[in-house]
Amino acid sequence: MTVIDTHTGGEPTRVVLSGGPELGTGPLRERRERFAGRFDRFRSAVANEPRGSDVTVGALVCEPEDATCAAGVIFFNNVGYLGMCGHGTIGLVVALGRLGRLRPGEHRIETPVGIVTVTWHGDSRVTVLNVPSHRARKGLTVEAPGLGAVTGDVAWGGNWFFLAESPGLALRLDRVEELTDYCWRLRQAVNAQGFPEVDHVELFGPPAAPGAHSRNFVLCPGRAYDRSPCGTGTSAKLACLAEDGKLEEGREWVQESILGSRFTGRYRRRAEGGIEPAITGEAFVNAETTLLLDPADPFCWGIRK
Ligand code: PYC
């Protein structure tokens, strides 16, 4: 498989350009199901050790169904598949730009959960006009074993999130173990309370650097934390801020990750309800390489958990 590796605010994306599974045609939602049902070993070979790691997000480039789109993409990770991926889209666009497959300017990209419009600024910067985002539940209180009662919101930003204030745990790299344990328990409690689709948990606290509005810690479905501020998570946050009247339409929201990397978000309200979020971030290319699959290798298809 030929791949190009990028990172967006510290979070890796491995873009699979060729040699991946042959998923045929049709809506990307259906092709993602085919990927999961018949070709899941490709996901594991790319994302899991020994070639990948728990934090690797894969991006399989596909022919789009909609001819107005420049590309289609299916995102995946160490345990499964994503709907959309904000940092991954930024990485994909910078990778395709480097290869000369995209020019600076606006393009449409098809994902399993809808079409997003991206602007490649011609350098490391990309703006993603994400899928419509909304809050599904405000102020859900869950009782998680060992954590007590925790209140947060459930929102969609291309993936499902539970968003809550950090319970006094500092959002710092030296607290990652505690943050991971906290978010994992929280996710299980939220899932048990009628939200089985929520697979990301996002905690918020004050920013560490001037100019940012907030810092976050995002735990992904495979127990890896997002090194970037999480594009779909920032979209979900914007939906909550918009519904609470805490951020005006068009105003900037600077979201800091646990590393201090930043996304800048803003939104437009939709007449149908919810918002259209726009997220700007930066990605850099780390490697252009070929992944080799040797059937004699006992770990050819990756080490699954
Ligand atoms: O940036 O949307 C994102 C994302 C989802 C999972 C990891 N990053």
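Bear in mind that the values here come from a model prediction, so they are computed numbers and not experimental data.

Criteria and thresholds
- Residues numbered from 1 in each chain as written.
- Predicted model: local features only at pLDDT ≥ 70, side-chain atom pairs only at ≥ 80, totals over all residues.
- Heavy atoms only, no water.
- Salt bridge = Lys/Arg side-chain N within 4 Å of Asp/Glu carboxyl O.
- Buried < 20%, exposed > 50% of the residue type's maximum accessible area, 1.4 Å probe, protein only.
- Helix = DSSP H or I, 4+ residues; strand = E, 2+ residues; numbered from the N terminus.
- Expected span 1.5 Å × (residues − 1).
- Near = heavy atom within 4 Å.
- Polar contact = N/O pair within 3.5 Å; in protein donor to acceptor, adjacent residues only side chain to side chain.
- Areas by Shrake-Rupley, 256 points an atom, 1.4 Å probe, with all protein chains shown as cover.
- Nonpolar A, V, L, I, M, F, W, Y, C, P; charged D, E, K, R; others polar.
- Phe/Tyr/Trp six-rings, centres within 6.5 Å; stacked < 30°, edge-to-face > 60°.
- Core = buried A, V, L, I, M, F, W, Y, C linked by side-chain atoms within 4.5 Å.
- Contact = heavy atoms within 4.5 Å.
- Pairing = 2+ DSSP bridges.

Peer 1: How should the pattern of salt bridges be read in this particular structure?
Peer 2: Side chains carrying opposite charge are able to pair once their charged atoms draw close together. Applying the stated criterion to the full structure yields 17 salt bridges. Aspartate 123 is paired through a salt bridge with arginine 125; the nearest N and O atoms lie 3.1 Å apart. For arginine 125, a relative accessible area of 37% corresponds to the partly exposed category. In this structure, aspartate 181 engages arginine 185 in a salt bridge whose closest nitrogen and oxygen atoms are separated by 3.2 Å. One end of the pair, aspartate 181, and the other, arginine 185, are both in helix H4 (residues 176-192), four residues apart, so they sit about a helical turn from each other. Since its relative accessible area comes to 30%, arginine 185 is described here as partly exposed. Each of Arg135, Lys138, Asp153, Glu243 and Asp244 takes part in a single network of salt bridges with overlapping partners.

Peer 1: Would you take a moment to explain helix H5 (residues 231-243) for this structure?
Peer 2: An α-helical turn contains 3.6 residues, so a residue and the one three or four places further along point in the same direction. Taking 1.5 Å of rise per residue, 13 residues should cover 18 Å, and H5 covers 18 Å from first to last C-alpha, within 8% of that figure. Within H5, twelve of the 13 residues are buried, leaving the element largely enclosed by the surrounding structure. Within the sequence span of H5, burial applies to Gly231, Thr232, Gly233, Thr234, Ser235, Ala236, Lys237, Leu238, Ala239, Cys240, Leu241 and Ala242.

Peer 1: For this particular structure, what's the right way to read the site of the ligand?
Peer 2: As a matter of local geometry, the ligand sits amid Cys85, Gly86, His87, His200, Cys220, Asp226, Cys230, Gly231 and Thr232. Contacts to the ligand include glycine 86, whose backbone N or O atom sits 2.8 Å from an oxygen atom. One of the side-chain nitrogen or oxygen atoms of threonine 232 is found 2.7 Å away from an oxygen atom of the ligand. Relative to its unbound accessible surface of 240 Å², the ligand loses 99% to contact with the protein. Of all the secondary-structure elements, those providing two or more residues to the shell around the ligand are helix H3 (86-98) and H5. Counted by class, the shell around the ligand contains three nonpolar, five polar and one charged residues.

Peer 1: Help me out: how do you make sense of the packing of aromatic side chains in this one?
Peer 2: Aromatic ring pairs are reported here in terms of the distance separating the ring centres and the angle at which the planes meet. Applying the stated criterion across every chain yields a total of seven aromatic pairs. A ring pair is formed by tryptophan 156 and tryptophan 160, whose centres lie 5.5 Å apart and whose planes are at 55 degrees; its orientation type is tilted. The two residues tryptophan 156 and tryptophan 160 agree in class, both being buried. For the pair phenylalanine 217 and tyrosine 225, a centre-to-centre distance of 5.8 Å together with 25 degrees between the ring planes defines the contact as stacked.

Peer 1: Whenever I open this one, the nonpolar core confuses me. Can you help?
Peer 2: Within the largest apolar cluster, 62 residues are counted, with the highest numbers of intra-cluster contacts made by Phe75, Val126, Phe162, Leu186, Leu203 and Phe217. Beyond its immediate chain neighbours, meaning those up to four positions away, leucine 186 contacts Val142, Leu147, Val150, Phe162, Val201 and Leu203.

Peer 1: Quick question: what am I supposed to make of the pairing of strand E7 (residues 125-129) here?
Peer 2: It is a general feature of regular strands that their side chains alternate between the two faces of the sheet. One ladder, built from four bridges, connects strand E6 (residues 114-120) with E7; its direction is antiparallel. Residue valine 118 lies in a different strand from E7, and its bridge partner there is valine 128. Between E6 and E7, which pair antiparallel and follow one another directly, the connecting turn spans four residues, one of which, glycine 122, has a positive phi of 90 degrees. Sheet topology note: the E7/strand E15 (residues 275-290) ladder contains five bridges and is antiparallel. Considered in E15, the bridge of valine 126 is made with glycine 281.

Take it as geometry only, folks, not as evidence of what the structure does.
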